[in-house]
Amino acid sequence: MTTFAESEQQLQVPAEVQDLLFREARTANSFSSEPVTDEQVRAIYDLVKWAPTSMNTQPLRALVIRSDEAKQRLLPHLAEGNRAKTETAPLTVILAADVDFHENIPQTFPHNPGVKDNFADEAGRVEFSKLNSLLQVGYFIIGVRAAGLAAGPMTGFDAAGVDKEFFSGNNWRSLVVVNVGKPGENPWFDRLPRLDFDQVVETL
């Protein structure tokens, strides 16, 4: 059986980076008042934009909620248990799938811009954009951790209400709401168990 230390040594990044991104990273449920800067948000995006999506379509879109006015518009659409921590978070990001992602294919897939025509059916685009955007949601959370911040992703919200409130002028569909910041007082629940390698991985 491979030991923890042996597994750690198989990875190229230093152990402290492994810990920062995964082992010691936690979902935060409270946040300090320390602000998250525009420069940090840009740095997170400029890192995670390089991660893969199908045909490089990059359908994820992000609406950064910073002002009190915008926060008050969002709060009624969240599950009650998610409101207080969102109200006190220094930054909240609505991550959404752009159903019209195909309009950017001539830019993102320039060697074959005609692929855009394969996405004429909106129902197919909805499923494609959701799958690839959810990949990017995962990348975003890791990017937040790479910036030395904590992420608090939430799916407990009224997506239709959020879309009507914030995305009536486009074809974005909200997927996850993420609070971002430095952890506050008692930010963590107890660490829950993970499945072991042999429970998850099969080799043929």
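These remarks concern the structure in this document.

What counts, and where the lines are drawn
Residues numbered from 1 in each chain as written. Predicted model: local features only at pLDDT ≥ 70, side-chain atom pairs only at ≥ 80, totals over all residues. Heavy atoms only, no water. 1 Å grid on protein atoms, 1.4 Å probe; cavity = no way out; pocket = protein on both sides within 12 Å on 5 of 7 lines; lining within 4 Å. Points joined across faces, edges and corners; volume = space filled by probe spheres on them. Helix = DSSP H or I, 4+ residues; strand = E, 2+ residues; numbered from the N terminus. Nonpolar A, V, L, I, M, F, W, Y, C, P; charged D, E, K, R; others polar. Pairing = 2+ DSSP bridges. Axes fitted to C-alpha atoms, helices over the stretch in contact; angles between N-to-C directions. Contact = heavy atoms within 4.5 Å. Buried < 20%, exposed > 50% of the residue type's maximum accessible area, 1.4 Å probe, protein only. Lys, Arg positive; Asp, Glu negative; His and termini not counted. Salt bridge = Lys/Arg side-chain N within 4 Å of Asp/Glu carboxyl O. Patch = residues over 30% accessible without salt bridge, like charges linked within 9 Å, V, L, I, M, F, W, Y side chains within 5 Å. Areas by Shrake-Rupley, 256 points an atom, 1.4 Å probe, with all protein chains shown as cover. Parallel < 35°, antiparallel > 145°, perpendicular 65-115°, else oblique. Left-handed = near helix turned anticlockwise from the far one by under 90°.

Topic: the layout of surface pockets
And then number 1: In this model, the second largest pocket occupies a volume close to 480 Å³.
And then number 2: Those elements giving two or more residues to the lining of the second largest pocket turn out to be helix 3 (38–48), strand 1 (60–65), strand 2 (91–98), helix 6 (105–108) and helix 7 (122–146).
And then number 3: The residue makeup of the lining of the second largest pocket, split by class, is 11 nonpolar, 6 polar and 3 charged.

Quick word on the sheet that holds strand 4 (residues 172–181)
And then number 1: Spatial strand order, 1-2-4-3: 4 strands in an open sheet with antiparallel pairing. Among the strands making up the open sheet, the edge pair consists of strand 1 and strand 3 (150–154). Looking at each pair of strands side by side, their axes are set apart by 30° on average, direction ignored.
And then number 2: Across 8 bridges, the pairing between strand 2 and strand 4 is antiparallel. Paired with Thr-92 across the two strands is Asn-179, which belongs to strand 4.
And then number 3: Lying on the sheet, helix 7 is in contact with strand 1, strand 2, strand 3 and strand 4; it crosses strand 4 at an angle near 5°.
And then number 4: Helix 8 (residues 159–166) contacts strand 1, strand 2 and strand 4 of the sheet and is inclined by roughly 90° relative to strand 4.

Brief notes about the side chain of Asp-163
And then number 1: Positionally, Asp-163 belongs in helix 8.
And then number 2: No salt bridge is formed by the buried Asp-163. Its closest oppositely charged neighbour is Arg-173, at 5.3 Å.
And then number 3: Ignoring anything within four residues of it in the chain, the contact list for Asp-163 reads Ser-168, Trp-172, Arg-173 and Ser-174.

Considerations on a nonpolar patch on the surface
And then number 1: A cluster of nonpolar side chains, Leu-195, Phe-197, Val-200 and Val-201, forms an exposed patch at the surface whose accessible area comes to about 420 Å².
And then number 2: Among the structural elements, Val-200 can be located in helix 9 (residues 197–200).

A word on the packing of helix 3 against helix 7
And then number 1: Contact pair helix 3 / helix 7: the axes reach a minimum separation of 9 Å and the direction vectors enclose 130°. With respect to their mutual orientation, helix 3 and helix 7 come out oblique. Crossing hand, helix 3 versus helix 7: right-handed. Where helix 3 abuts helix 7, its residues Ile-44, Leu-47 and Val-48 lie against Tyr-139, Phe-140, Gly-143, Val-144 and Ala-146.

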